[in-house]
There are 2 protein chains.
Amino acid sequence: MKIKKGNEYLALPMKPTPRKLEIITTASTLFKEKGYSAVTMRDIAKAMGIKAASLYNHIKNKEEILTFIIISLAEQFIEGLEDIKNSNTTCIEKLKKIIELHVGITSRNTNGMASLNNDWMHLKDQLNYYLKLRIDYENSFRKIIKEGVKKGEIKNINPDIMLFSILSTLRSLYIWIPQKEDLDTSVLASNLSEVLLKGINK
Amino acid sequence: MKIKKGNEYLALPMKPTPRKLEIITTASTLFKEKGYSAVTMRDIAKAMGIKAASLYNHIKNKEEILTFIIISLAEQFIEGLEDIKNSNTTCIEKLKKIIELHVGITSRNTNGMASLNNDWMHLKDQLNYYLKLRIDYENSFRKIIKEGVKKGEIKNINPDIMLFSILSTLRSLYIWIPQKEDLDTSVLASNLSEVLLKGINK
DNA sequence: AAATTTAACTAACACTTGTTAGTTTACGTT
DNA sequence: AACGTAAACTAACAAGTGTTAGTTAAATTT
């Protein structure tokens, strides 16, 4: 675990074959519609036009599909935030970058984001690793807010409430983005920054 | 359906017996932890110290539990918003009332709110009714925002983005409220109003 | 005291679940 | 032409699923 190999990082050392990736993509769509527990291996197979047993030529078991979806996304967020932490700008600017990070990752993988948000509790082997990543992420995020308060860039309200409010919105993007066709992600990100940072009150 | 009877409204004419309510409450807790599909009738029974078959002395089937949880909450929101729409105040004041509405209902029923958010797609008989309630709610909410923009109380940004941002935060309250012990709901509501309406930027 | 109701039980059902074993088919390489 | 491999198949499994039928014991009503 956590071996760097090629352009793969952390806990996902093996790059999946194209067929395996098709299974994961198909499963993601179904997981988003009904949730992990309500989707059967036969559902996934049927959506691909094959039989359930055939899936096992490509994957170890059902859990592996969920694990891949969730961990690869979680690691994208961790890595993205790492860059932002190290960037040399104001805290408000860092928050804008975080918003862009969420809009970017989510718009590229709306289905997977549903599992990340709703099905993480069904992880087994990697549950603790996932929880660690999530806590680390939230802590880094909160740290940026706190520093912004200290420097006078950000209002002196309870940082937890600000964190919760922003993160809730960003975590819900996966529901909202697919509803809007012809979506310009950079416009969305800047509109969100406006609303989340400066509020709606005139 | 939709018969007013005593203090029961809309699509839930029958008030459940105390034992039935215990089942629903127990189920809510489990549904929050693992989601509706991953919770079995045997899980619910075990949590109550009885056998699965005994549940059927009190409820029609598994679906009825989920339906009760979701529809009764959805109707609380619809009724609460109805009062707010009819109140004679500014749009900003109406938004504050909506925030209070969410904090109130959610803090009284955090478990049920998990199902409302994540398990509605497993409704059968009442799925269309639920979807209608949700669309009505969002439309009324959006209308208040649009009127606020017209009257110059609210910034002239895309109302959908403001709606999405506020509603995402309010819908995530069920995750956040149980994590904070000794929570004063009126303090939370006013802090949320501050953040959601006026932003975090100084 | 007898009759009814409530709410638990045991046992079983038909069906679905994830998964394995063994087989077949098609295709690229030797 | 023979071989090896990838990826599909059929058949089956053990365990778990929601639910029903019939029974029992206690509490309540008549």
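A brief structural summary. (Residues numbered from 1 in each chain as written. Chains lettered and ligands numbered in written order. Predicted model: local features only at pLDDT ≥ 70, side-chain atom pairs only at ≥ 80, totals over all residues. Heavy atoms only, no water.)

Observations concerning the packing of aromatic side chains
Residues and elements named next belong to chain A. To be explicit about the condition: To pair, rings of Phe, Tyr and Trp, with the six-membered ring standing in for Trp, must have centres within 6.5 Å; the planes then decide the type, stacked if under 30 degrees apart, edge-to-face if over 60, and tilted in the middle. Here, a charge over a ring is recorded when the distance from Lys NZ or Arg CZ to the ring centre is within 6 Å and its angle to the ring normal is within 35 degrees.
All told, the structure shown has 10 aromatic pairs over all chains when counted by the stated rule. Directly above the aromatic system of Tyr36 lies the positively charged group of Lys62, at a separation of 4.2 Å from the ring centroid. Positioned above the aromatic ring of Trp120, the side-chain terminus of Arg134 is 4.6 Å from the ring centre.

Digging into the protein's contact with DNA strand C
To keep it simple, the criterion reads: We call a residue near a molecule or strand when any one of its heavy atoms sits within 4 Å of it. Under the rule applied, a polar contact is a pair of N or O atoms within 3.5 Å (in protein, one hydrogen donor and one hydrogen acceptor; residues adjacent in sequence only if both atoms are side-chain atoms). In this description a helix means any DSSP run of H or I spanning at least four residues, a strand means any run of E spanning at least two, and both kinds are numbered starting from the N terminus. Under the convention adopted here, Pro, Cys and the residues Ala, Val, Leu, Ile, Met, Phe, Trp and Tyr are nonpolar, Asp, Glu, Lys and Arg are charged, and Gly plus all remaining residues are polar.
Of all residues adjacent to DNA strand C, which total 16 residues, the nearest are Thr40 and Tyr56 of chain A together with Lys51, Asn57 and His58 of chain B. Atoms of DNA strand C within 4 Å of the protein: sugar and phosphate make up 56%, bases the balance. Within the side chain of His58 of chain B, a nitrogen or oxygen atom sits 2.6 Å from a phosphate oxygen of DNA strand C. Elements with a minimum of two residues in the surface near DNA strand C: α2 (41–48) of chain A together with α3 (52–55) of chain B. Its residues assigned to classes, the surface near DNA strand C shows 6 nonpolar, 5 polar and 5 charged.

Some details on the relation of the copies chain A and chain B
Inclusion rule: For the least-squares superposition of copies, only C-alpha atoms count, and only for residues with pLDDT at least 70 in both. Whether two residues are in contact is decided by their heavy atoms: any pair within 4.5 Å suffices.
In screw terms, the move from chain A to chain B is a rotation of 180 degrees and a rise of 0.0 Å along the axis, fitting with an RMSD of 0.0 Å. Such values leave the two copies arranged in the relation of a two-fold axis. Closest to the rotation axis within chain A is the C-alpha of Gly199 of chain A, separated from it by 1.8 Å. When the interface residues of chain A are mapped onto chain B, 100% of them again lie at the interface, so the same face is used by both copies.

Focus on empty space enclosed by the protein
One simple way to see leftover space: roll a probe sized like a water molecule over the atoms. Keep this limit in mind: For cavity detection a 1 Å grid was placed over the protein atoms alone, and a set of points counts as a cavity when a 1.4 Å probe fits there but cannot get out; an open set counts as a pocket when protein lies on both sides within 12 Å along at least five of seven lines, with lining residues being those that have an atom within 4 Å of a point. Grid points are joined across faces, edges and corners, and a volume is the space filled by probe spheres set on the points.
Tallying each qualifying case throughout the model produces 1 cavity of 30 Å³ or more. What lines the largest cavity is simply Ser165, Ile166, Val195 and Leu196 of chain A together with Ser165, Ile166, Val195, Leu196 and Ile200 of chain B. Looking at the lining of the largest cavity, the elements that each hand over two or more residues are α8 (159–171) and α10 (185–198) of chain A together with α8 (159–171) and α10 (185–198) of chain B. Here the residues of the lining of the largest cavity are counted per class, giving 7 nonpolar, 2 polar and no charged.

A few points about the environment of Val195 of chain A
Locating Val195 of chain A in the fold gives a position in helix α10. Sequence separation between Val195 of chain A and Ile166 of chain A is 29 residues, and the spatial gap between their C-alpha atoms is 9.9 Å. Sequence-distant contacts of Val195 of chain A, that is, excluding residues within four places in its chain, are made with Ile200 of chain A together with Ile157, Ile161, Met162 and Ser165 of chain B.

Some words on the packing of helix α4 (residues 62–86) of chain A against helix α7 (residues 127–150) of chain A
Residues and elements named next belong to chain A. Basically, it comes down to this: Orientation is described by lines fitted to C-alpha atoms, with helices fitted over the stretch in contact, and by angles between N-to-C directions that extend from 0 to 180 degrees. Between 65 and 115 degrees an angle is taken as roughly perpendicular, under 35 as roughly parallel, over 145 as roughly antiparallel, and anywhere else as oblique. Rotating anticlockwise by less than a right angle from the far helix to the near helix defines a left-handed crossing, while the corresponding clockwise rotation defines a right-handed one.
One way to put it is that α4 packs onto α7 with a least axis distance of 10 Å and a crossing angle of 25 degrees. By the angle between their directions, the pair α4 and α7 is classed as roughly parallel. In this structure, the crossing between α4 and α7 has a hand that is left-handed. Contacts between α4 and α7 involve Ile70, Ile71, Ala74, Glu75, Phe77, Ile78, Leu81 and Lys85 on the former and, on the latter, Tyr129, Tyr130, Leu133, Asp136, Tyr137, Ser140, Phe141 and Ile144.

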